[in-house]
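Structural features, examined
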Amino acid sequence: MARMKFLCDSERCIECNGCVTACKNEHEVPWGVNRRRVVTLDDGVPGERSISVACMHCTDAPCAAVCPVDCFYTTDDGIVLHDKDLCIGCGYCFYACPFGAPQYPQKEAFGVRGKMDKCTFCAGGPQGKDNSEEERKKYGRNRIAEGKLPLCAEMCSTKALLAGDGDMVADIYRERVLKRSGRPQTWGWETAYQEDV
Amino acid sequence: MKLVKKTGSGSAATQPSSGFLGRSIDRRAFLKRTGLAAGGAAVAIGLPAKMMRRADAADAAAADGDTVIKKSVCTHCSVGCGVIAEVQNGVWTGQEPDFDSPFNLGAHCAKGASVREHGHGEKRVKYPMKKVGGKWERISWDQAINEIGDKALEIRERAGPDSVYWLGSAKFSNEQSYFYRKFAAMWGTNNVDHQARICHSTTVAGVANTWGYGAMTNSYNDMHLSKAMFFIGSNAAEAHPVAMQHVLRGKENGGKLIVCDPRFTRTAAHADQYIRLRPGTDVPLIWGILWHIFENNWQDDEFIRQRVFGMEDVRKEVANWTPEVVENVTGVPGDQVKQAAQTMVENKPGTLVWCMGGTQHHVGNNNTRAYCILQLALGNIGVAGGGANIFRGHDNVQGATDFGVLSDSLPGYYGLAEGSWKHWCRVWDVDFEWVKSRFDQGAYEGKDAPIPVMNTNGITVSRWIDGVLEAKENIAQKDTIKAMFMWGHAPNSQTRGPEMKKAMETLELLVIVDPYPTHSAVLPDRDDGIYLLPAATQYETCGSVTASNRSLQWREKIIEPLFESLPDHTIMYKFAKKFGFAEQFTKHIQVNGEEPLVEDILREINRGMWTIGYTGQSPERLKLHLENKHTFNTTTLKAEGGPCDGDYYGLPWPCWGTPEMKHPGSPNLYDQSKTVAEGGLPFRANFGVEYKGQSLLSDGSYSKGSEIQDGYPEFTADLVKQLGWWNDLTEDEKKAAEGKNWKTDLSGGIQRVVIKHGCAPFGNGKARCVVWNFPDPVPIHREPLYTPRRDLVEKYATYEDRKTFWRLPTRYKSIQEQDFSGDYPLIHTSGRLVEYEGGGEETRSNPWLAELQQHMFAEINPKNANDLGIKDGQYVWLEGPEGGKIKVKAMVTRRVAPGVVFTPYHFGGWFQGQDLLDKYPEGTAPYVRGDAANTAFTYGYDSVTMMQETKVSLCKITAA
Amino acid sequence: MNASKATLTACVAALALLAGCHEPVSVTVYEAGEYKGESDPLLKAHAKSESKEALQKRFSMGQSDR
């Protein structure tokens, strides 16, 4: 069993934001908090490409490294999660993250900056039983516990966004690259996972 | 966890931008910046708690109750994506990907991924309301039906049935669409229409008049097999995102993608070749491509000889379009045109895709026919991977068109001739004379002999405002329109905003039947005579829906109608009862309480829709497909084994004969490599057997297994007898079929027998390139009414004005001869965004979507912006030459060419810079509001169908 | 607006990162401390091989082009 990974195939991403709303739908994250976003380069001119970005669940997660209260933990297949009860909303993880993944809800306990919220790979968090009300309220739905994968990828309109066992993700992607006879453009993969596809 | 919206100003769209970096990053970042402070305007709804049957996922999940899975289809576009809903205790708690669906394989775009928000429905109209003294008041359903009904009957008495306009919707299910047309017929008017008029009417007319049926010939899935994909005026990445899954698979299989569009769209971003043309020059571009094809003899001569009529006339016109002329008119460099021609020739089969960019022009029918002709010349029709893949817009605009929610036809394109009425009266089992008596008995059209109103086209949705405002004596009906039913319609999707406002204020009665208040509720300044009736969404009822590829899918009811809303067919029944024709209306349809049984409506449809083969898709067969989606091949759509073995998914029409005949549906139209019984077809012989001495029947070409190995006309009882096939009919069939034809034989016997002999019921004809009954028999270029190229007006002039066209005077030349290009130097064009749909009321009320697009904007090229001294993100006034103006944010981008301004048309809730927030009933205002693009759009209607021109007008931009 | 700035910074960061095709592989690796929060019940459940197989099956069903 390899690690769980995200990969966004920029040749297929059409910036439709299906992943973004799928995430909103599944976890009912509040207005202004975006666990996932689509970033577009060269908007409106030839060469325009988009990729969907969220927490990449890094192999050696910088957020965890800088967290002053050590609220991060990693599942044995590499999903990076955190404990919102421990989080103090300091924002260090945001500066450490190469993908801008951590989000901070406004107008909560800490005034301008609430406890950090980020993509959980649809795997919830530590509090309560899996898919308990408490877990849902704090982290959203726990699909992994139900044997399902992140909804953003499962609902991707063109199957650009892949999520799952890294080996299987890489297999699908390599097959596509071969078919297109292009070179791989695995945005973010190496940074997050410190390895080739 | 509840949806948490930011409290605050309550004006989602008025917050000034602040503190962003000087340069634009991308459209999304741009919009986020400009509107982030906004948040949702969470206005307290102020309802008693028990009224609020609002979904709260977390609470419901915590409650006991098993999760029930319900299957539906997304209500946003025509791809037909399967939606899987998890329901607990009647609350829609979860949405799962529908991996089994061969259409979307689980995928959704932003809109599809957000449909569960329907179960929240915070911004819905919650109960019937009317305006009293300028204030919205709650009323009961009974009071609403009685008051509205009495007023409508009074208008009918005074001004005739044509003074009440029944504007329907592509959001209806098939059954509701059919029911609505039947309803209008029994009310006694042809003043009934819907959005297809302003969406693909020019496609339907152009394509049907070319080869028989005016629908997408192949399917989205079939594009896996395309070696070339030519998109013109279609931005699938935003309008049909899940279609791109199939397009990109086709591309990965080696298909070449060409995108022609005035904008460098997100679809263009994935193209192998992008061609930027000047808006409104589609015919010249297509003729420019054909010029190279003819010049090099690249056309498919054998295909043309056997299956195409009139290509020589096209050649004569095309000869005028040399590369130099094409470049001058379209702005496309000659080598690009040649490259496109070469790609299409060298990569076959190739498909051609078009959408609103091609259809919404005053020469829309010319455009659509030119596209067809290009495909005919290449021999690309009737083959897998080829075809004219016309992507329809709304989820059921194909079905609503098929069922004739149109002012020029009864269901099934039967038209309005007496024979058509008699056919449907037989199906309805009502007396023809009674239906006739429901109509105005006058006659207002016809040169030699007066034509009864019943047989004349009604006023179109695109022109209803003229039906209200035009002087009575200029309209070819008894009186002007006095009452409008806007039943699932966004008025901001229509041009001429200021005049529309006036028309809404002139009406005596305006009834809005919709889940949301829509722009109609807030646009007019009127204190009374306006009603809101809450309609249920398609997730709150069941029924069938037809995707763009002609496949039917059954939707299960996910949740009960929210609040006091009712399904459309129930509301229709209530009005039928009030008007006194409920008995005839539902003669063979079971009514439970006041809800007609949807399955029974479909069975009645099956008994009457012979023309386009809506007869084989019984509720039982559709439900079987629903349960066995996973057995269908994702490329061919054919079931491989299982209970649906051999069927094509959704029984794409024509699905001939009775359900018992088990026709599998027709996956690719006009595909002769299959027998008709297996879904094959030749071209339809719909235009007679000869024209000016030349045969219109196919020449030695026929579908597989045909016993007639040549062209043949459409089948009648007499022809069946002549062929000696009559005794193949059963005795009962003979009785029903005697004197009838394949379209009117209610037993289906004629269809069954001719298919048994390998023939197509509609004959085997040639596709025609010359539509002699249209204003331009061979498509020609005509400059837009509002064109910046005054130097071309003389050579490519528009039509003469017409006195009576669809009951109304219609202007062409008198507009074009005025030169507006000095004061209004920029071309204005419009289109879609992925997050919103149609007029956008529903999607802008969905916080998950609204957050992603918070501002109405206009794309302006940096050159124009700099010339005008306008900076990215600032408010500007965009004014059209008829005086309509809108206040929007400037988005400076190279996506548009210099001289072209693009606006998305989904916004509403503002009028000419004014936020109409306080005119909404409490708690129903969408999160995002903005000026409607169409407020600034202008006059201009297609010369055949009355399609509105929204892809080319002029404008000027000034800093606000 | 903090979130707006955050979003912006995120975009800029992502842009800067993605501006070229080549990505540097060297990432600063920190010594993380020990997790001090509650234990997540998922970890135990998820460690079972059935649970992993279920996810793999799900992946093949949903993410391939079929």
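Now for a look at the structure at hand.

Turning to the overall build of chain A, a few remarks are in order. Scanning chain A from N- to C-terminus turns up seven helices and six strands. For a compact globule of 197 residues, the expected C-alpha radius of gyration is about 16 Å, and chain A comes in at 16 Å, within 12% of that figure. Along the longest, intermediate and shortest principal axes, the C-alpha atoms of chain A span 50 × 40 × 30 Å. Looking at the 197 residues of chain A, the share that counts as buried comes to 71%. Pairs at least 24 residues apart make up 55% of the contacts formed inside chain A by residues separated by at least 6 positions. Total accessible area on chain A is roughly 5,900 Å²; 53% of this is exposed by carbon and sulfur atoms. Separation between the mean location of the 26 positive side-chain charges and that of the 29 negative ones in chain A comes to 4 Å.

Before going further, it helps to spend a moment on the sheet that holds strand S1 (residues 67-73) of chain B. Residue and element names in this part refer to chain B. Spatially, S1-S2-S3 is the arrangement adopted by the three strands of the open sheet, whose pairing is antiparallel. Unpaired on one side and paired on the other, S1 and strand S3 (91-97) mark the two borders of the sheet. For this sheet the average axis-to-axis angle between neighbouring strands, irrespective of direction, equals 30°. Relative to S3, strand S2 (residues 82-88) is paired through six bridges, and the arrangement is antiparallel. Within S3, the position partnered with Val 87 by the bridge is Trp 92.

Attention now goes to the pattern of salt bridges. For the structure shown, the criterion picks out 85 salt bridges over all chains. Lys52(C) is the partner of Asp76(A) in a salt bridge, and the nearest nitrogen-oxygen pair spans 2.7 Å. Pair noted here: Asp76(A) is in the loop between strand S4 (72-74) and strand S5 (80-82) and Lys52(C) is in helix H3 (residues 49-63), and the two residues belong to different chains. Using a relative accessible area of 12% as the deciding quantity, one classes Lys52(C) as buried. A salt bridge links Lys148(A) to Glu86(B); the nearest nitrogen and oxygen atoms lie 3.5 Å apart. Of this pair, Lys148(A) sits in the loop between helix H4 (133-139) and helix H5 (151-154) while Glu86(B) sits in strand S2, which puts the two residues in different chains. An identical accessibility class is assigned to Lys148(A) and Glu86(B); each is buried. Salt bridges linked by common partners bring Glu26(A), Arg141(A), Arg143(A), Glu146(A), Lys148(A), Glu154(A), Glu86(B), Glu96(B) and Arg58(C) together as one network.

To continue, consider empty space enclosed by the protein. Residue and element names in this part refer to chain B. Per the counting criterion, the structure on display carries 18 cavities of 30 Å³ or more. The space that makes up the largest cavity amounts to roughly 600 Å³. The wall of the largest cavity is formed by 42 residues, among which Lys 171, Gln 195, His 394, Gly 488 and Glu 837 lie closest to the centre. Residue assignment for the lining of the largest cavity shows that the elements contributing at least two residues are strand S17 (509-514) and helix H29 (841-844). The element that contributes the greatest number of residues to the lining of the largest cavity is H29, accounting for three residues. A per-class count over the lining of the largest cavity returns twelve nonpolar, 22 polar and eight charged. Counted as a void, the second largest cavity has a volume near 360 Å³. In terms of lining, the second largest cavity is formed by 28 residues, of which the most central are Gly 233, Asp 261, Gly 357, Ser 830 and Lys 951. Those elements that provide at least two residues to the lining of the second largest cavity are helix H13 (356-359) and strand S28 (826-831).

Below, the discussion takes up the sheet that holds strand S33 (residues 909-911) of chain B. All names here are of chain B. Sheet architecture is open: three strands sit in the order S34-S33-S35, paired in mixed fashion. The two strands at the open ends of the sheet, each matched to only one other strand, are strand S34 (914-915) and strand S35 (930-931). Direction of pairing for S33 relative to S34: antiparallel, over a ladder of two bridges. Residue pairing across strands places Phe 911 opposite Gln 914, the latter belonging to S34.

Residues and elements named next belong to chain B. Summed over the entire model, instances satisfying the criterion amount to 56 aromatic pairs over all chains. Between Phe 103 and Tyr 649 the ring centres are 5.0 Å apart and the planes differ by 80°, which places this aromatic pair in the edge-to-face class. Of this pair, Phe 103 sits in the loop between S3 and strand S4 (129-132) while Tyr 649 sits in the loop between helix H24 (619-627) and strand S23 (690-691), placing them 546 residues apart in sequence. Ring centres of Tyr 180 and Phe 183 lie 6.5 Å apart, and the angle between their planes is 10°; on these two criteria the pair is classed as stacked. Of this pair, Tyr 180 and Phe 183 both sit in helix H4 (residues 174-187), three residues apart, roughly one helical turn. Comparing Tyr 180 with Phe 183 shows no difference in burial state: the two are buried. The rings of Trp 166, Phe 172, Phe 179, Tyr 180, Phe 183, Trp 187, Phe 485, Trp 487, Phe 575, Phe 579, Phe 581 and Phe 585 are connected pair by pair, giving a single aromatic cluster. Of note, Arg 138 hangs over the ring of Tyr 127, and the distance from its end group to the ring centre comes to 4.2 Å. Here Arg 768 stacks its cationic end above the ring of Phe 687, 3.8 Å away from the centre of that ring.

Along the polypeptide, Asn606(B) turns up in helix H23 (residues 598-608). According to the relative accessible area criterion, Asn606(B) is buried, its value standing at 8%.

All right, on to helix H8 (residues 282-295) of chain B then. Residue and element names in this part refer to chain B. Look at H8: 20 Å from first C-alpha to last across 14 residues, which is about the 20 Å you get at 1.5 Å a residue. Counting buried residues in H8 gives 13 out of 14 residues, a clear majority hidden from the surface. Looking at the residues trailing H8, positive phi occurs at Asn 297, about 60°.

Moving on, we get to unusual backbone geometry. Glycine aside, the phi torsion of most residues is negative, and most peptide linkages are trans. Residue Pro349(B) is reached from Lys348(B) by a cis peptide bond, and omega for that bond is 0°. Counting through the fold element by element, Pro349(B) comes out in the loop between helix H12 (334-346) and strand S12 (350-354). Of note, the amide linkage connecting Trp653(B) to Pro654(B) takes the cis form, showing an omega dihedral of 0°. By secondary structure assignment, the location of Pro654(B) is in the loop between H24 and S23. Of note, the phi angle at Asn131(A) is positive, near 65°, even though the residue is not glycine. On the secondary structure map, Asn131(A) appears in the loop between helix H3 (92-96) and H4. Although it is not a glycine, Arg807(B) sits at a positive phi angle of roughly 75°. Within the fold, Arg807(B) resides in the loop between strand S26 (802-805) and strand S27 (808-810). When its relative accessible area of 0% is taken as the criterion, Arg807(B) is described as buried.

The next point concerns the interface of chain A and chain B. With 48 residues of chain A at the interface, the matching set in chain B holds 61 residues. On the chain A side of the interface with chain B, the three residues burying the most area are Glu28(A), Trp31(A) and Met155(A), jointly 20% of the side's total. In this assembly, chain A and chain B are joined by twelve salt bridges. Breaking the side of chain A that touches chain B down by element, the ones donating at least two residues are helix H1 (18-27), strand S2 (37-41), H4, H5 and helix H6 (166-180) of chain A. Among the elements that take part in the side of chain A that touches chain B, H1(A) stands out by supplying eight residues, more than any other.

Calculation criteria
Residues numbered from 1 in each chain as written. Chains lettered and ligands numbered in written order. Predicted model: local features only at pLDDT ≥ 70, side-chain atom pairs only at ≥ 80, totals over all residues. Heavy atoms only, no water. Helix = DSSP H or I, 4+ residues; strand = E, 2+ residues; numbered from the N terminus. Rg over C-alpha atoms; globule rule 2.2 N^0.38 Å. Buried < 20%, exposed > 50% of the residue type's maximum accessible area, 1.4 Å probe, protein only. Contact = heavy atoms within 4.5 Å. Areas by Shrake-Rupley, 256 points an atom, 1.4 Å probe, with all protein chains shown as cover. Lys, Arg positive; Asp, Glu negative; His and termini not counted. Charge placed at Lys NZ, Arg CZ, Asp CG, Glu CD. Pairing = 2+ DSSP bridges. Axes fitted to C-alpha atoms, helices over the stretch in contact; angles between N-to-C directions. Salt bridge = Lys/Arg side-chain N within 4 Å of Asp/Glu carboxyl O. 1 Å grid on protein atoms, 1.4 Å probe; cavity = no way out; pocket = protein on both sides within 12 Å on 5 of 7 lines; lining within 4 Å. Points joined across faces, edges and corners; volume = space filled by probe spheres on them. Nonpolar A, V, L, I, M, F, W, Y, C, P; charged D, E, K, R; others polar. Phe/Tyr/Trp six-rings, centres within 6.5 Å; stacked < 30°, edge-to-face > 60°. Lys NZ or Arg CZ within 6 Å of the ring centre and 35° of its normal. Expected span 1.5 Å × (residues − 1). Buried area = accessible area lost by both parts, 1.4 Å probe.

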